[in-house]
Amino acid sequence: MATGTMQPREALAALVGEGLRDPYPLYEEIRAHGDLVRIKPGVMAAVGYDECDRVLRDPRLRVQDGDSFDLFYPQWRAHSSLRAYTDSMLYSNPPAHTRLRRLLRGEFTPRRVAGYETAIEQITDRLLDSLAEAGAGGAAVDFIAEFASRLPIAVISGLLGVPERDQAWFRAIAADVTTALEGITNASRLAPADAAMDDLAVYFDELIERRRRCPEADLVSSLVGVHDGGGGLGRDELVGNMMLLLTAGFETTNFFMAHALLLSFEHPGLADRLRAEPGFASAYAEEVLRFEPPVQATSRWAGADVELLGTTIPAGTKVVAILAAGNRDPRRYREPGRFDPDRPYTAPLTFGAGGHFCLGAPLSRLEARIALPRLLRRFPRIRPAGEPVRRDSWVGRGIDHFPIAVD
Ligand code: HEM
């Protein structure tokens, strides 16, 4: 079928059906109608790079928050997972967002994150040891269960100050709470997220109490210091943002690692370069992020009529910024459908843009820079041992099971 024969509405609907395996041709169907297009009454989509960037940076377009939930799903307060997210910075707008972000951003500056390098190397090496053990004699192992899902949780747990013995529980609970990141589009699937959030709140309250009595050099201790010092961080905000930090970097970094490995299998020459050239991992990771973003799209709401790039966005409209489509905008990237880590660095939209730009971007980039070359060097014979099983979701694009052999 020639591009442009589908209506944008059909293409967007197909993204959660036939498009789950390969959504990229559907983005081109939408792009054929424009870079910022009306999908149906009350919904628009941005697929151009500049259009996504402008949507995310425009303060008149707001993230979903308690007020917008009230309009579209008044029962949302019955869900503890949604309540916790609305206490976090990702689901708040200025002035609350500005205040929360100011309190947390100092913990995630590139300089602060660089200080975690040795700890991440140690965690990676420990996980590679257990991968080697599980895959001894050529046994098939699941890369997701054994490595990709463990690394981000171990790293964020270390940062927060969650003891190692609790991390397996933490990983399971984070997976359940993360469902709520899809918000009210998935209200029927919120029961496990709510149960997980209730357990997590009890766990965080105990951890907070322990650190209050006996502070350590971790993030929870500094946040408790801000809370107790009258720094404007309430108890619910403290717990909501701890939960956000736990979940925002979990599946995303997991999916990032999975695609990085999958693409290295498809491009063995690049895998060899990752083993041999110490500096290459940065460019490689950046191209994985552009090519296969773990978060394909995010959205904003127009509180009033907004004029943007010559288009009127009527009040009450939801604008879906399809980051993955912006990352393949031919006006920005030459041959956008080609995986090419040698292309000049041109800032993919994968971590968003503007006020809500991902706080954990330096951290997940560092994890990838450390883990990828170590993984490939440690296992020169690493190879697929079956078909990867994709996650059944459009916005969170990733892999649930990825059988590999390492020995
Ligand atoms: C490859 C990995 C990751 C991807 C693709 C990713 C993607 C994103 C995106 C697209 C946003 C902006 C959403 C929007 O504007 O609507 C975001 C926000 C955020 N991310 Fe990440 N993220 C990743 C890893 C992490 C990690 C490791 C952490 C923390 C440890 C983290 C913490 C956050 C936080 C706290 C926000 C909210 C910032 C705010 O609202 O001001 N992320 N992320």
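Attention in this report is confined to the structure presented alongside it. Because the structure is predicted, anything quoted here is derived from the model rather than measured.

Let's talk about the state of the cysteines
Piece 1. In this structure the tally under the stated criterion is zero disulfides.
Piece 2. Of all cysteine sulfurs, the one in Cys-358 lies closest to Cys-52, which takes part in no disulfide; the gap is 16 Å.
Piece 3. Residue Cys-52 is classed as buried on the basis of its relative accessible area, which comes to 0%.

Thoughts on the coordination of the iron atom of the ligand
Piece 1. Among protein atoms, the single one acting as a donor to the iron atom of the ligand is Cys-358 (SG), 2.3 Å away.
Piece 2. Along the chain, the position of Cys-358 falls in the loop between helix H18 (323-326) and helix H19 (361-378).

Examining the site of the ligand
Piece 1. Taken together, the neighbourhood of the ligand is formed by 28 residues, with Arg-101, Thr-298, Arg-300, His-356 and Cys-358 sitting nearest.
Piece 2. Note that an oxygen atom of the ligand is positioned 2.7 Å from one of the side-chain N or O atoms of Arg-300.
Piece 3. Broken down by secondary-structure element, the contributors of at least two residues to the shell around the ligand are helix H6 (96-105), helix H14 (235-248), helix H15 (250-266), strand E5 (298-302) and H19.

With respect to the nonpolar core
Piece 1. Residues Phe-143, Leu-160, Leu-200, Phe-204, Met-242 and Tyr-284 are the most contacted members of the largest nonpolar core, which totals 94 residues.
Piece 2. With 10 residues, helix H12 (residues 190-213) is the single largest residue contributor to this core.
Piece 3. Apart from residues no more than four positions distant in its own chain, Tyr-284 is found in contact with Ala-260, Leu-263, Ser-264, Leu-270, Leu-274, Phe-339, Pro-341 and Leu-372.
Piece 4. Core analysis: the next-biggest nonpolar cluster, separate from the first, contains 21 residues, Met-6, Leu-26, Val-37 and Val-320 among them.

A look at helix H11 (residues 167-178)
Piece 1. Spanning 12 residues, H11 covers 16 Å between terminal C-alpha atoms, matching the ideal 16 Å at 1.5 Å per step.
Piece 2. Within H11, burial applies to Gln-167, Phe-170, Arg-171, Ile-173, Ala-174, Val-177 and Thr-178.
Piece 3. Each element contacted by the buried residues of H11 is listed here: helix H5 (80-86), helix H10 (150-160), H12, H14 and H15.

Notes on the pattern of salt bridges
Piece 1. Within the structure shown, the criterion is met by 30 salt bridges.
Piece 2. The partner of Glu-107 in a salt bridge is Arg-112, and the shortest N-O contact between them spans 2.9 Å.
Piece 3. Assessed through its relative accessible area of 12%, Glu-107 is described here as buried.
Piece 4. A salt bridge links Glu-292 to Arg-397; the nearest nitrogen and oxygen atoms lie 2.7 Å apart. Here Glu-292 is found in the loop between helix H17 (280-291) and E5, whereas its partner Arg-397 is found in the loop between strand E10 (389-390) and strand E11 (399-401), with 105 residues between them in sequence. Here the two residues Glu-292 and Arg-397 agree in accessibility, since each one is buried.
Piece 5. It is possible to trace a salt-bridge network through shared partners that takes in Asp-35, Glu-51, Asp-329 and Arg-331.

What to know about the pairing of strand E8 (residues 318-321)
Piece 1. With four bridges joining them, strand E2 (residues 43-46) and E8 adopt parallel strand pairing. Along E8, the bridge assignment pairs Met-44 with Val-319.
Piece 2. Examined bridge by bridge, E5 and E8 share four bridges and lie antiparallel to one another. Across the sheet, residue Ser-299 finds its bridge partner in E8, namely Val-320.

Reading guide: rules and limits
- Residues numbered from 1 in each chain as written.
- Predicted model: local features only at pLDDT ≥ 70, side-chain atom pairs only at ≥ 80, totals over all residues.
- Heavy atoms only, no water.
- Disulfide = S-S within 2.5 Å.
- Buried < 20%, exposed > 50% of the residue type's maximum accessible area, 1.4 Å probe, protein only.
- Donors = N, O, S within 2.8 Å, 3.2 Å for Na, K, Ca; no water.
- Helix = DSSP H or I, 4+ residues; strand = E, 2+ residues; numbered from the N terminus.
- Near = heavy atom within 4 Å.
- Polar contact = N/O pair within 3.5 Å; in protein donor to acceptor, adjacent residues only side chain to side chain.
- Core = buried A, V, L, I, M, F, W, Y, C linked by side-chain atoms within 4.5 Å.
- Contact = heavy atoms within 4.5 Å.
- Expected span 1.5 Å × (residues − 1).
- Salt bridge = Lys/Arg side-chain N within 4 Å of Asp/Glu carboxyl O.
- Pairing = 2+ DSSP bridges.

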